[in-house]
Amino acid sequence: TPCDIDIRDRGRIEELFKANRFDLILHCAAQPSHDKAREIPLLDFEVNALGTVLLLEATRRHCPEAVFVLMSTNKVYGDAPNERPLRETETRYDYADPADYEGIGESCRIDQTMHSLFGASKAAADLFAQEYGLYFGMNVGIFRGGCLSGPAHSGVELHGFLAYLVKTAIEGGTYSVFGYKGKQVRDNIHSFDVVRAVEEFARKPRPGEVYNLGGGRGNSISILEAMVRIEEHTGHKIPWRYVEQARRGDHICYISNVQKFRAHYPDWQISVRLDEILKQIIAMHDERLSHAAG
């Protein structure tokens, strides 16, 4: 039964866990905006860090054998990935060192780097979740997500760029590209493959493990490339403007290295490719507009 509870409300969380026995807790609640966090730093920290600790502690007290999965973020790495040597092509930035071909791994540092306040609050939650796994031996897993997407993705200007690009292409408006010539790269993973990863971890949990979770190189795309691809799929041109100032702490090229998770859970793989993700987002958007018009 759905419950409308603020995860910062310690009393309500305690009541919920007292009244129910949970086998799996999938923690996706968050203040999700990289940029909005600077306007609401206390709210951002309370939701992302404090809320996570309250859920972890309630799990420890009432169902310590349950599997707990935290949806973390690649922003815990701050801008450290930007230190990797890059090469520039006509449409994207890419890693210059062959050792980085598969992308950023879990060994990338998370300190001495600019995160944004959102990245810092999520890093606090990430570390607490690891500690509950390692210190208390609880079945806690941490997934550092890249661009998680799918047909129901509600993107806005500053995050969820594939969904927002589709919205701009179909409904009109002007898309803003913030720095790096529009050649910044992200990998994208369909929500189905995210759920499958959670299922695999829940089946055989590894306490305190951290995994990068994204679409990998095969599902990577730059903003320039994405605009061309979406224009091809929709038949609509995307008007866009260039803003010279890049977002602070933003990644120039980020591709999730998912080799660790695949090694631990060989039955998992990326099953939904980038073009199919785009087609599903476009189809869902068309359906919403059709219902609104009808």
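Residues numbered from 1 in each chain as written. Predicted model: local features only at pLDDT ≥ 70, side-chain atom pairs only at ≥ 80, totals over all residues. Heavy atoms only, no water.

1. Quick notes on the pattern of salt bridges
Defined as follows: Between Lys or Arg on one side and Asp or Glu on the other, a salt bridge is scored when a side-chain nitrogen of the former is within 4 Å of a carboxyl oxygen of the latter. Secondary structure elements follow DSSP: runs of H or I no shorter than four residues count as helices, runs of E no shorter than two count as strands, and numbering proceeds from the N terminus. Only protein chains enter the accessibility calculation, which uses a 1.4 Å probe. A residue is then buried if its area is under 20% of the maximum for its type, exposed if over 50%, and partly exposed in between.
Across all of its chains, the model carries 22 salt bridges by this definition. Taking the shortest distance from any N to any O, the salt bridge between lysine 183 and glutamate 88 comes out at 2.7 Å. Of the two residues, lysine 183 sits in the loop between β7 (175-178) and β8 (185-190) while glutamate 88 sits in strand β3 (residues 86-88), which places them 95 residues apart along the sequence. With relative accessibility at 10%, the residue lysine 183 sits in the buried group. In this structure, glutamate 225 engages arginine 92 in a salt bridge whose closest nitrogen and oxygen atoms are separated by 2.9 Å. With a gap of 133 residues between them, glutamate 225 in helix α6 (residues 223-234) and arginine 92 in the loop between β3 and β4 (93-95) connect regions that are remote in the sequence. Each member of the pair glutamate 225 and arginine 92 is classed as buried. Each member of the salt-bridge network shares a partner with another, and the members are Arg196, Glu199, Glu200 and Arg203.

2. Observations regarding the packing of aromatic side chains
Applicable threshold: Within 6.5 Å between ring centres, the rings of Phe, Tyr and Trp (the latter by its six-membered ring) count as paired, and their orientation is classed by plane angle as stacked under 30 degrees, edge-to-face over 60, tilted in between.
Following the criterion strictly, the structure yields 13 aromatic pairs and no others. The interplanar angle of 70 degrees and the centroid separation of 6.4 Å between the aromatic rings of phenylalanine 201 and tyrosine 211 together place this pair among those described as edge-to-face. Taken as a pair, phenylalanine 201 in helix α5 (residues 191-203) and tyrosine 211 in strand β9 (residues 209-213) lie far apart in primary sequence, 10 residues in all. The exposure classification of phenylalanine 201 matches that of tyrosine 211, with both residues buried. Centroid distance tyrosine 211 to tyrosine 265: 6.0 Å. Interplanar angle 70 degrees. Geometry classified as edge-to-face. Highlighted residues: tyrosine 211 in strand β9 and tyrosine 265 in the loop between α7 (259-264) and α8 (274-293), separated in sequence by 54 residues.

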